[in-house]
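Coordinate analysis (summary)
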Amino acid sequence: MFRDKFWITLALTLPTLVWGHMLQSALGYVAPDFPGSSRLPAIFGIAVFAYGGAPFIKGAYGELKARLPGMMTLIALAITVAFVFSVAVTLGYPGMPLWEELATLVTIMLLGHWIEMRSITQAQGAIGELANLLPSTATRIVSAGDTGDERMEEVAIGELHENDLILVRPGQGIPADGVVREGKSAVNEAALTGESQPVDKHEGEKVIAGTVNGSGSLRVSVSGVGERTALAGIMRLVEQAQHSRSKAQALADRAAFWLTLIALGSGVVTLVAWLAAGATPEYAVERLVTVLVIACPHALGLAVPLVIAISTTLGARSGLLVRDRRGLEEARNVTTVVFDKTGTLTRGEFGVVNLATTADIAPDDALSLAASVEADSEHPIAQGIVASARERKLDIPRAVDFESLPGRGVRARVAGRTLLMGGPALLDSLTLTLPDDLRAAAESAGSSGQSAVHLVEARDGAHVVLATLAVADVIRPESREAIEALQRAGVEVVMLTGDSRAVAESVGRELGIDRVIAQVLPEEKAGHVIALQRAGKRVAMVGDGVNDAPALVSADVGVAIGAGTDVAVEAGDVVLVRSDPRDVSRIIALSRATYRKMVQNLWWAAGYNIVAIPLAAGVLSRWGLVLSPAAGAILMSLSTIIVAINAQLLRRADLR
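Residues numbered from 1 in each chain as written. Predicted model: local features only at pLDDT ≥ 70, side-chain atom pairs only at ≥ 80, totals over all residues. Heavy atoms only, no water.

Assigned secondary structure in the chain consists of 24 helices and 22 strands. The buried share of the chain, taken over its 656 residues, is 51%. The contacts of the chain with a sequence gap of at least 6 include a subset with a gap of at least 24, amounting to 68%. Accessible surface for the chain amounts to roughly 29400 Å². Of this, 57% is attributable to carbon and sulfur atoms. (Helix = DSSP H or I, 4+ residues; strand = E, 2+ residues; numbered from the N terminus. Buried < 20%, exposed > 50% of the residue type's maximum accessible area, 1.4 Å probe, protein only. Contact = heavy atoms within 4.5 Å. Areas by Shrake-Rupley, 256 points an atom, 1.4 Å probe, with all protein chains shown as cover.)

Now the structure itself:
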């Protein structure tokens, strides 16, 4: 709307300038003369006021109705005063009309608002970009009755339902959240998580709507459609954050309100002072109009919202979803970061963390055989061993004659070899003693709160221990880097966990954490956070948003682990989509960069008025330094453009 009105108003302004007195006097030319030509500035000036000035008059009405006079009030007052005075002069009141000044002022104001709206729209474009990630159609697989045959049908994604089976071909966008039932592929999740490396997906893995399938074909059972998808949750959080208010925004609003009152007062004082000094009404009104235009808190009103929009979308593209602006704003002051352990610094699932073998077998061969034996077991430790073998891309031969040994372990045959897996109870039942190297590995695992399981082979009526595997909740490979980044930034790191002290201290030592608090019940975590706050620390709590919810709410900044698809976390101020603890330091970096831009913009937007208002009032007119209304409009619009450009520079912030 502002763009269209600008171009039409510009076309109406040109004849006003060509046949007006100001341009003819300045350039020394005479405009073409024909009957009625002297009325052209008034005719086109009225058209500019009625058409181009309408948004400002309407905006001023809304502000005054809400008893919150602001920038629209000042602009509307300035153009209305210029219009009424010019009409009076045109009808015979002595003086020089301000049609050119009025038309130029409206045109420049429309241009400034067009630039402002364009900047904000571009900043908020991430929501539209996220929406565009979804394909418009999906291939649904329909079973054809009792025959077991299948047929494919193309349907709009709005027609998908939970538990539908869909086919995602190579290179296609995934239309809904779901679970892979058949197939294997690498999926690009960069648009949602900020992670550039494609993520391998196989049977049982979750996939997210809006991500892009790689070279494999996937059959996916739909688990979430429409508003229940992760993508929809992300869009809601982005939009919510862009509309949430921060302390800086409240400060800017108060400053704009008081600047409006100061501008109105300055305008009245300027008008009365010049009339009292013997100036012509035309000159006094011109000073009044210029003061009102210069003092317009346009840039001040743009300073914070534009930075908010940009920082929120910048965070979303990096996998940082801001739910509450106040939380992000407070992150710059954080002195202590408290991490939950399970699911935050660790994966929340078992895996092999250490492996010791005898000279008879290589470590990879031992893990491969152990995974084969445990493949049919549902025990979490067994599944952790299998997962570790898959992560190392080891071959897992098929086991036969699988047998559970209650209280001791399992037994199976793999490639003709009889193998057993179990803990100390298995060794006791077989009266086996560990070799020195394996015994040291088992003792080390026990002192660290880890589970030690042993691979045993039956040979000619005897049993031989081949390897000892230490199994524990696997530490995320990113956790050490996350801790080091925070410590380099001068932030204390605390781990708060319900696990045993041995396990917690083992993880703390491995990651170099400053302080470990163990054996804490979920309901007690908030108390520890509050205790840190009472000690004078500004605390950020990082947890999974479920059992850590009270602690997340109690902290100065709550950071919830989103776990990829679980983005609708209500407890935290910020949600980490990709569950990467390194993103905590990125939150602090984004907060500091955002605050710097807010302060810079507020100083520029408010500071230039300190110089500009006296110039507009004409305090330096004795020395020939006087601003016209048009020049005032240009300066005001220029300040708005500078604020917009400075806010856009936030996109270059280094969040590493």
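Right, let's talk about the pattern of salt bridges for a bit. On inspection of all chains with the given rule, the structure shows 18 salt bridges. The partner of Lys525 in a salt bridge is Asp340, with the nearest N and O atoms 2.9 Å apart. Within this pair, whereas Lys525 is found in helix H21 (residues 522-534), its partner Asp340 is found in strand S11 (residues 336-340), the two being separated by 185 residues in sequence. Ionic contacts of the salt-bridge type, sharing partners, join the residues Arg140, Arg151, Glu153 and Asp164 into one network. (Salt bridge = Lys/Arg side-chain N within 4 Å of Asp/Glu carboxyl O.)

This paragraph deals with the packing of helix H1 (residues 2-18) against helix H3 (residues 40-52). Contact geometry of H1 with H3 gives a least axis separation of 8 Å together with a crossing angle of 165 degrees. Judged by the inter-axis angle, H1 sits roughly antiparallel to H3. Handedness of the crossing formed by H1 with H3: left-handed. Mapping the contact onto sequence places Asp4, Lys5, Ile8, Thr9, Leu12, Thr13, Pro15 and Thr16 in H1 and Pro41, Phe44, Gly45, Ala47, Val48, Tyr51 and Gly52 in H3. A class-by-class count of the residues in the contact of H1 with H3 yields eight nonpolar, five polar and two charged. (Axes fitted to C-alpha atoms, helices over the stretch in contact; angles between N-to-C directions. Parallel < 35°, antiparallel > 145°, perpendicular 65-115°, else oblique. Left-handed = near helix turned anticlockwise from the far one by under 90°. Nonpolar A, V, L, I, M, F, W, Y, C, P; charged D, E, K, R; others polar.)

Our next topic: a nonpolar patch on the surface. The grouping of Trp604, Leu635, Leu638 and Ile642 at the surface amounts to a nonpolar patch, some 330 Å² of accessible area in total. For the nonpolar patch, the element with the highest residue contribution is helix H24 (residues 629-648), accounting for three residues. Looking at where Leu635 falls in the secondary structure, it is placed in helix H24. A relative accessible area of 34% places Leu635 in the partly exposed class. (Patch = residues over 30% accessible without salt bridge, like charges linked within 9 Å, V, L, I, M, F, W, Y side chains within 5 Å.)

Another point: the sheet that holds strand S14 (residues 409-414). Read from one edge to the other, the open sheet built from six strands follows the order S12-S17-S16-S15-S14-S13, with strand pairing classed as antiparallel. The two strands at the open ends of the sheet, each matched to only one other strand, are strand S12 (346-357) and strand S13 (399-405). Each strand axis lies, on average, 25 degrees off the axis of its neighbour in the sheet, ignoring direction. Where S13 meets S14, five bridges bridge the pair, whose relative direction is antiparallel. Within the sheet, the bridge partner assigned to Leu405 lies in S14 and is Gly409. (Pairing = 2+ DSSP bridges.)

This part is about the confidence of the model for the chain. When the pLDDT values of the chain are averaged, the result is 81; 84% of them are 70 or greater. Mean pLDDT values over the elements of the chain span from 54, in helix H7 (residues 125-131), up to 94, in helix H15 (residues 363-374). When the criterion is pLDDT under 50, residues 564-568 qualifies, and its contacts beyond four places in sequence or with other chains add up to 14 contacts. (pLDDT = per-residue confidence, 0-100.)

According to the stated counting rule, one finds six aromatic pairs in the structure shown. With a centroid separation of 6.0 Å and an interplanar angle of 75 degrees, the aromatic rings of Trp19 and Phe34 are classed as edge-to-face. Of the two residues, Trp19 sits in the loop between H1 and helix H2 (21-27) while Phe34 sits in the loop between H2 and H3, which places them 15 residues apart along the sequence. Taking 6.0 Å as the distance between ring centres and 75 degrees as the angle between the ring planes, the aromatic pair formed by Phe83 and Trp99 counts as edge-to-face. One end of the pair, Phe83, is in helix H5 (residues 71-90); the other, Trp99, is in helix H6 (residues 99-123), and 16 residues separate them in sequence. (Phe/Tyr/Trp six-rings, centres within 6.5 Å; stacked < 30°, edge-to-face > 60°.)

A few words on the environment of Asp556. Along the chain, Asp556 turns up in the loop between helix H22 (549-554) and strand S21 (557-561). The class for Asp556 is partly exposed, based on a relative accessible area of 25%. Measuring from C-alpha to C-alpha, the distance between Asp556 and Arg538 comes to 6.3 Å, with 18 residues separating the pair along the chain. In this view, Asp556 contacts Glu330, Gln533, Lys537, Arg538, Val539 and Asp573; residues no more than four positions away in its chain are not counted.

Val337, Phe339, Leu486 and Ile587 are the most contacted members of the largest nonpolar core, which totals 42 residues. Looking at which element gives the most residues to this core, the answer is helix H23 (residues 583-617), with seven residues. Each residue touching Val337, except ones within four places of it in the same chain, is listed here: Leu486, Val491, Glu492, Val493, Val494, Ala540, Val542 and Val584. Counting residues in hydrophobic clusters, the runner-up holds 27 residues, among them Trp99, Met109, Val285 and Leu288. (Core = buried A, V, L, I, M, F, W, Y, C linked by side-chain atoms within 4.5 Å.)

With 17 residues, H1 extends 24 Å between its outermost C-alpha atoms, agreeing within 8% with the 24 Å of an ideal straight helix rising 1.5 Å per residue. Buried within H1 are the following residues: Phe2, Lys5, Phe6, Thr9, Leu12, Thr13, Pro15, Thr16 and Leu17. (Expected span 1.5 Å × (residues − 1).)

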